[in-house]
Amino acid sequence: MRELSLAPWDISTSDVLEMTYPFETSTIYWPTTERRFSLDIVIRGPSGNISWYESNNYGANEHGGTHLDSPSHFFQGRWRVHQIPTKNLIGQGIKVDMSSKAATNPDAWLEVADLEKWEKENGQIPDASILFVYTGWGKYYTNRTRYLGTDTNDTNKLHFPGISPAAANWIATNRKVYGVGIDTASIDYGQSKTFDVHVALFEKNIYGLENVADLNQLPTKGSTVYAFPMQIKDGSGAPVRIVAVLNSDTSTSVASRIQITWVLLVMSYLLIQW
């Protein structure tokens, strides 16, 4: 019987973009969050007959740093972290750029018109994609006051861009994306009090990704994004590791690779039979 040899996916031919901030004591959390990230060293050095051993304890709130909001966070009966299908954590990366608008207005919104303009220039936002809103706010991440708009814990003083409720409803109603991410502390803008964007998206089981890093390096389209959260059972959110594989010509999507593999297998079978 002939053997079928499939060339492995050579990740070295692709550019991999890290879109996750490290967790540390300076990690950004919502101002009212009481439990922020902590890392306590248990041991770091020789241990008995072992020349070197490291172990730590850590703890944190679910919603801080680069993290995923599960739909249950703002909508009863929707998916919690462990219930989000794995396939929904992988999708084509789509970036809508509103940075010029945010540069002159820290309370700027992504509007429906911005989404329609993007589609006019790039085609319809594809199904099963992960949509990112680029505000340019990531450049302030290491400056908590500038990033949040305040150095206090008063949420009334928060100022940063976000998505308009109308745009969120448009996405939830007209497109079938898996998730929506942003390079600010919230998909709702800083002055929101009712978090209508969260509600509109989460009702449709569209998860959120917040404090996303290096969105300036993500192409407008054509990447494959992987957003895998810590698998917290019944979690309303979790830290998430987000990476994008760029150069779509050499980094075929998972679905496409599966399809190609099956085609090759079928062709091989037919050749063997023939």
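What you are looking at is a predicted structure, and each value in this text was computed from that prediction instead of being measured.

*Asks:* Account for the overall build of the protein chain, naming residues and giving values.
*Replies:* If you tally the helices and strands in the protein chain, you get 6 helices and 12 strands. Long-range contacts, defined as pairs at least 24 residues apart, comprise 73% of the intrachain contacts of the protein chain with a sequence gap of at least 6. For the protein chain, the exposed surface amounts to about 14600 Å²; the carbon and sulfur share of it is 52%.

*Asks:* Which residues make up the pairing of strand β9 (residues 179-182), and what values do they have?
*Replies:* Burial along β9 is two-sided: G179 and G181 and V180 and I182, pointing in opposite directions, are all buried. Pairing of β9 with strand β10 (residues 207-210), which is carried by 3 bridges, proceeds in the parallel orientation. Bridging across to β10, G181 finds its partner in L209. One crossover worth recording links β9 to the parallel β10 by way of helix α5 (residues 196-203), and it is right-handed.

*Asks:* Could you give an account of the packing of helix α2 (residues 112-122) against helix α4 (residues 165-174), with specific residues and numbers?
*Replies:* How two helices pack is summed up by the angle between their axes together with the distance between the axes. Following both chains from N to C, one finds α2 and α4 inclined at 45 degrees, their axes separated by 8 Å at the closest point. Classified by the angle between their axes, α2 and α4 sit oblique to one another. Of α4, the residues touching α2 (which contributes V112, L115, E116 and E119) are A166, A167, W170 and I171. In terms of residue class, the contact of α2 with α4 is made up of 6 nonpolar, no polar and 2 charged.

*Asks:* Could you give an account of the pattern of salt bridges, with specific residues and numbers?
*Replies:* If you walk through the whole model with that rule in mind, you get 6 salt bridges. For D234, the salt bridge identified is with R80, shortest N-O distance 3.6 Å. You can see D234 sitting in the loop between β11 (223-229) and β12 (237-245) and its partner R80 sitting in the loop between β4 (67-69) and β5 (90-97), a full 154 residues away along the chain.

*Asks:* Please set out the packing of α4 against α5 residue by residue, giving values where relevant.
*Replies:* The interhelical angle for the contact between α4 and α5, taken along N-to-C directions, is 5 degrees, at an axis separation of 8 Å. In terms of orientation, α4 lies roughly parallel with respect to α5. Two secondary-structure elements touch here, α4 through P165, A168, N169, I171 and A172 and α5 through D196, V197, A200 and L201. Of the residues assigned to the contact of α4 with α5, the class counts are 7 nonpolar, 1 polar and 1 charged.

*Asks:* So what's going on with the confidence of the model for the protein chain? Residues and values would help.
*Replies:* A low pLDDT score tells you not to read the predicted coordinates there in detail. For the protein chain, the mean per-residue pLDDT works out to 90, and 85% of the residues sit at or above 70. Confidence drops under a pLDDT of 50 for residues 1-7, and excluding neighbours within four residues, the segment shows 8 contacts in the predicted structure. Low pLDDT, under 50, characterises residues 260-274; the predicted model gives this stretch 9 contacts beyond four residues in sequence or across chains.

*Asks:* Give me the nonpolar core: which residues, what numbers.
*Replies:* General note: in soluble globular proteins, nonpolar side chains tend to be found buried as a group. If you look at the biggest cluster of nonpolar residues, it comprises 38 residues, and the most contacted ones within it are L115, L131, Y147, I163, I171, V180 and L201. Of all the secondary structure elements, the ones that give two or more residues to this core are β5, α2, β7 (129-134), α3 (144-148), α4, β9 and α5. The residues touching V180, leaving out its near neighbours within four places in the chain, are L131, I163, I171, I187, L201, I206, Y207, G208 and L209. Judged by nonpolar contacts, the second largest core, of 22 residues, contains I84, I130, V212 and V225.

*Asks:* Give me the lowdown on the packing of aromatic side chains, citing residues and values where you can.
*Replies:* Within this structure, the stated rule accounts for 10 aromatic pairs. Judged by centre distance (5.3 Å) and plane angle (40 degrees), the rings of F74 and F195 are tilted. A residue pair is termed long-range when its members are at least 10 positions apart, and F74 in the loop between β4 and β5 and F195 in the loop between β9 and α5 qualify at 121 residues. Grouped by ring-pair contacts, the aromatic residues W30, F74, F160, F195 and F202 constitute a single cluster. For K95, the ring lying beneath its charged end belongs to Y134, and the centroid distance is 4.9 Å. One residue, R146, lies across the ring of Y140, its end atom 4.1 Å from the ring centre.

Conventions and cut-offs
- Residues numbered from 1 in each chain as written.
- Predicted model: local features only at pLDDT ≥ 70, side-chain atom pairs only at ≥ 80, totals over all residues.
- Heavy atoms only, no water.
- Helix = DSSP H or I, 4+ residues; strand = E, 2+ residues; numbered from the N terminus.
- Contact = heavy atoms within 4.5 Å.
- Areas by Shrake-Rupley, 256 points an atom, 1.4 Å probe, with all protein chains shown as cover.
- Buried < 20%, exposed > 50% of the residue type's maximum accessible area, 1.4 Å probe, protein only.
- Pairing = 2+ DSSP bridges.
- Right-handed = clockwise from strand over helix to strand, strands pointing away.
- Axes fitted to C-alpha atoms, helices over the stretch in contact; angles between N-to-C directions.
- Parallel < 35°, antiparallel > 145°, perpendicular 65-115°, else oblique.
- Nonpolar A, V, L, I, M, F, W, Y, C, P; charged D, E, K, R; others polar.
- Salt bridge = Lys/Arg side-chain N within 4 Å of Asp/Glu carboxyl O.
- pLDDT = per-residue confidence, 0-100.
- Core = buried A, V, L, I, M, F, W, Y, C linked by side-chain atoms within 4.5 Å.
- Phe/Tyr/Trp six-rings, centres within 6.5 Å; stacked < 30°, edge-to-face > 60°.
- Lys NZ or Arg CZ within 6 Å of the ring centre and 35° of its normal.

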